[in-house]
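Chain by chain, the residues:
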Amino acid sequence: MDEEKSIFSFSFAHEAEKQNDCNQVDEHQKDVDAGALFVLKSKGSWVHCGYHLTTSIVAPPLLSLPFAFTFLGWTAGILFLVIAAVVTFYNYNLISLVLEHHANQGRRMLRFRDMARDILGPPWGRFLVGPIQFALCFCVVVACILLGGQCMKTIYLLSNPNGSMKLYEFIVVFGCFMLILAQMPSFHSLRHINLVSLILCLAYSACAIAGSIYIGYSSKGPKKDYSIKGNTESRIFGAFNAMSIIATAYGNGIVPEIQATLAPPVKGKMFKGLCICYAVIIVTFFGAAISGYWAFGNQAEGLILTNFMDSNGKPLVPKWFIYMTNIFTIAQLAAVGVVYLQPTNEVLEQAFSDPKSPEFSQRNVVPRLILRSLSTAIGTVIAAMLPFFGDINSLIGAFGLMPLDFILPPVFFNLTFRPSKKTPIFWLNVSIAVVFSIVGAIAAVAAVRQIVLDAKTYQLFANL
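- Within an unreviewed UniProt entry, the label attached to the chain reads GABA transporter 1, and the organism entered is Arachis duranensis.
- Here the chain is described in UniProt, under the heading Sequence similarities (unreviewed entry), as follows: "Belongs to the amino acid/polyamine transporter 2 family. Amino acid/auxin permease (AAAP) (TC 2.A.18.1) subfamily."

## Section: the overall build of the chain
In step 1: Looking only at helices and strands, the chain features 16 helices and 0 strands.
In step 2: Looking at the chain as a whole, 55% of its 464 residues are labelled buried.
In step 3: Across the chain, every contact between residues at least 6 apart in sequence was considered, and the portion connecting residues at least 24 apart equals 84%.

## A look at the packing of aromatic side chains
In step 1: Using the criterion set out here, one finds 19 aromatic pairs in the structure.
In step 2: Ring geometry for Tyr226 and Tyr293: centres 5.3 Å apart, planes at 55 degrees, overall tilted. On the criterion of sequence distance, the pair formed by Tyr226 in the loop between α9 (191–217) and α10 (232–250) and Tyr293 in helix α12 (residues 269–296) is long-range, its members being 67 residues apart.
In step 3: Members of the aromatic cluster, each reached through a chain of ring pairs, are Phe69, Trp74, Tyr226 and Tyr293.
In step 4: Over the aromatic face of Trp294 sits the side chain of Lys224, whose NZ or CZ is 4.8 Å from the ring centroid.

## A look at empty space enclosed by the protein
In step 1: This model, assessed by the stated rule, comprises 2 cavities of 30 Å³ or more.
In step 2: Roughly 200 Å³ of volume is contained in the largest cavity.
In step 3: Around the largest cavity, the lining comprises 21 residues; the ones closest to its centre are Ala59, Pro61, Val140, Thr248 and Val336.
In step 4: Counting residues per element, the ones that place at least two in the lining of the largest cavity are α4 (46–57), α7 (122–159), α10, α13 (319–352) and α15 (389–417).
In step 5: Here the residues of the lining of the largest cavity are counted per class, giving 16 nonpolar, 5 polar and no charged.

## A word on α12
In step 1: Its 28 residues give α12 an end-to-end C-alpha distance of 40 Å, which sits within 8% of 40 Å, the value for a rise of 1.5 Å per residue.
In step 2: Its maximal kink placed at Ile281, α12 deviates by approximately 30 degrees.
In step 3: One or two steps after α12, the chain reaches Gly297, where phi turns positive at roughly 55 degrees.

## Thoughts on the side chain of Asp405
In step 1: Here Asp405 is to be found in helix α15.
In step 2: Within the buried set, Asp405 has no salt-bridge partner at all; the shortest N-O distance to an opposite charge, 14 Å, is to Arg113.
In step 3: In this structure the side chain of Asp405 is engaged in a polar contact, spanning 3.2 Å, whose partner is the backbone nitrogen of Gly253.
In step 4: When sequence neighbours within four positions are dropped, the list of residues in contact with Asp405 reads Asn91, Tyr92, Gly251, Asn252 and Gly253.

## Points about the packing of α7 against α13
In step 1: Here α7 crosses α13 at 160 degrees, and the two axes come no closer than 8 Å. Classified by the interaxial angle, the pair formed by α7 and α13 is roughly antiparallel. At the point where α7 passes α13, the crossing takes the left-handed sense.
In step 2: Here the residues of the contact of α7 with α13 sort into 21 nonpolar, 7 polar and 1 charged.

## Quick notes on unusual backbone geometry
As a rule of thumb, non-glycine residues mostly have phi less than zero, and peptide bonds are mostly trans rather than cis.
In step 1: Backbone torsion omega between Pro264 and Pro265 reads -5 degrees, so that peptide bond is classified as cis.
In step 2: As for its position among the elements, Pro265 is in the loop between α11 (255–259) and α12.
In step 3: Here Arg418, not a glycine, exhibits a phi torsion of approximately 50 degrees, which is positive.
In step 4: Its place among the elements puts Arg418 in the loop between α15 and α16 (424–454).

## Some words on the pattern of salt bridges
In step 1: Overall, the coordinates contain 4 salt bridges when judged by the stated rule.
In step 2: For Arg111, the salt bridge goes to Asp114, with nearest N and O atoms at 2.9 Å.
In step 3: Residue Arg117 pairs with Asp114 through a salt bridge whose shortest N-O separation is 3.8 Å. One end of the pair, Arg117, and the other, Asp114, are both in helix α6 (residues 112–119), 3 residues apart, so they sit about a helical turn from each other.
In step 4: For Arg117, a relative accessible area of 14% corresponds to the buried category.
In step 5: Counted as one network, the salt bridges with shared partners bring together Arg111, Asp114, Arg117 and Asp118.

## Considering a nonpolar patch on the surface
In step 1: A surface patch of nonpolar side chains, amounting to about 600 Å² of accessible area, comprises Tyr168, Leu374, Ile378, Ile382, Leu386, Leu460 and Phe461.
In step 2: If one sorts the elements of the nonpolar patch by residue count, helix α14 (residues 362–385) sits on top with 3 residues.
In step 3: Secondary-structure assignment places Leu374 in helix α14.
In step 4: Taking relative accessible area as the criterion, Leu374 reaches 47% and is therefore assigned partly exposed.

## What about the confidence of the model for the chain?
In step 1: In this model, the chain carries an average pLDDT of 84, and 89% of its residues clear a pLDDT of 70 or more.
In step 2: Per-residue pLDDT, averaged within each element of the chain, yields its smallest value for helix α2 (residues 12–17) (41) and its largest for α12 (95).
In step 3: This model gives residues 1–35 a pLDDT under 50, and the stretch forms 53 contacts once residues within four places in sequence are excluded.

## What about the nonpolar core?
In step 1: Ranked by size, the top nonpolar core spans 117 residues in total, and within it Ile246, Tyr250, Phe285 and Phe412 carry the most contacts.
In step 2: Non-local contacts of Phe285, meaning those with residues more than four positions away in its chain, are made with Ile57, Val58, Leu62, Leu65, Leu81, Ala249 and Tyr250.

Each value, and the rule that gives it
Residues numbered from 1 in each chain as written. Predicted model: local features only at pLDDT ≥ 70, side-chain atom pairs only at ≥ 80, totals over all residues. Heavy atoms only, no water. UniProt positions renumbered as here; feature names shortened; annotations may be inferred. Helix = DSSP H or I, 4+ residues; strand = E, 2+ residues; numbered from the N terminus. Buried < 20%, exposed > 50% of the residue type's maximum accessible area, 1.4 Å probe, protein only. Contact = heavy atoms within 4.5 Å. Phe/Tyr/Trp six-rings, centres within 6.5 Å; stacked < 30°, edge-to-face > 60°. Lys NZ or Arg CZ within 6 Å of the ring centre and 35° of its normal. 1 Å grid on protein atoms, 1.4 Å probe; cavity = no way out; pocket = protein on both sides within 12 Å on 5 of 7 lines; lining within 4 Å. Points joined across faces, edges and corners; volume = space filled by probe spheres on them. Nonpolar A, V, L, I, M, F, W, Y, C, P; charged D, E, K, R; others polar. Expected span 1.5 Å × (residues − 1). Bend = angle between axes of the 7 residues up to and from the residue. Lys, Arg positive; Asp, Glu negative; His and termini not counted. Salt bridge = Lys/Arg side-chain N within 4 Å of Asp/Glu carboxyl O. Polar contact = N/O pair within 3.5 Å; in protein donor to acceptor, adjacent residues only side chain to side chain. Axes fitted to C-alpha atoms, helices over the stretch in contact; angles between N-to-C directions. Parallel < 35°, antiparallel > 145°, perpendicular 65-115°, else oblique. Left-handed = near helix turned anticlockwise from the far one by under 90°. Patch = residues over 30% accessible without salt bridge, like charges linked within 9 Å, V, L, I, M, F, W, Y side chains within 5 Å. Areas by Shrake-Rupley, 256 points an atom, 1.4 Å probe, with all protein chains shown as cover. pLDDT = per-residue confidence, 0-100. Core = buried A, V, L, I, M, F, W, Y, C linked by side-chain atoms within 4.5 Å.

Structure follows, in structure tokens:
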């Protein structure tokens, strides 16, 4: 019983060691709440939390899971998919417990960088975790805009095979759609959009599964080959690249921001929200990965929807089916992109808004309109210039989601609650942090290596 208390009660010795940092935190607390006043509103229920979590995790990168399997094969692919599910569910709950604990101590944390600053020290939040999260979220926005443009182009070419419109034109169109949604005033105001997003992710996942099974049984489908291509070096780096892709699929990177939308008391609400999210994950991730790899084997593309058309551009499933699947995907991509714009919005509005003025006053609305439009426009330009979704996907996982979702949560928990070194939970957390630090470092090298290998095919504003 004493041991349990040591795990789940705050260490006063640790508090004494961190006294200087805590004083600094207290000085910043008003600024923290003021800076997030308009973006993060604590009014949501655990059901709303489930919507936000599902939109931020169950997104179109899940359609890359069959491609990840081409580097891992059946056994390793399914094994890592299960491990990533268990570890992320566990880690997200650790983050929730740490956030609840510090809130009860009078230090409310609304963002990842707040957690790093308060637990690890101010330099960690300012110079490492904050920039990583900001870059991660903005890269996800870029990837969503890019993928949205690619889906729109697919629909266009199906209806007009000889059409002359280029990929970057569709990216701009989708970026304009995102720009409108980006003006939603707060994270909480996205709850209804994210409910629709949850339905959409189930819809396009069901389409991906059904389409894969249909083609797998069809005589038009490719010959099934589950061997792993390449020499030993390529297979090793490919395996770690695949782990990075799977990490990206499970990644979140904004759990503190989502928990900040919950109305107090928050105890237990995050766990219920995660249960909603992971129920959807089990159906969509495993269904899409297994059916896609079964149907296409080592010919699975970076986006499984690409396999629904043969090398000559002829559809292997009815055209209406491809239209429907891509429309579902486009609609959800917009919701995902807007969710990951929230940390960017919060940073910009902390710098340029006036918390003393009403939220919808001219003083706050004008800067918000300009800054959100500018950030969306920059993301659109980057997506149009660098339309290489597969490489971006693995890079995001290696440099952003591995640290935030796999390494930092157990570190935060151990430093906050100071569990005894004799307890299993201490060594479990240490093991997770160490193992995924190694995997993340190698995956980062593998991602950069793949970009170097593909560099000869890169071209600004490429019409892929």
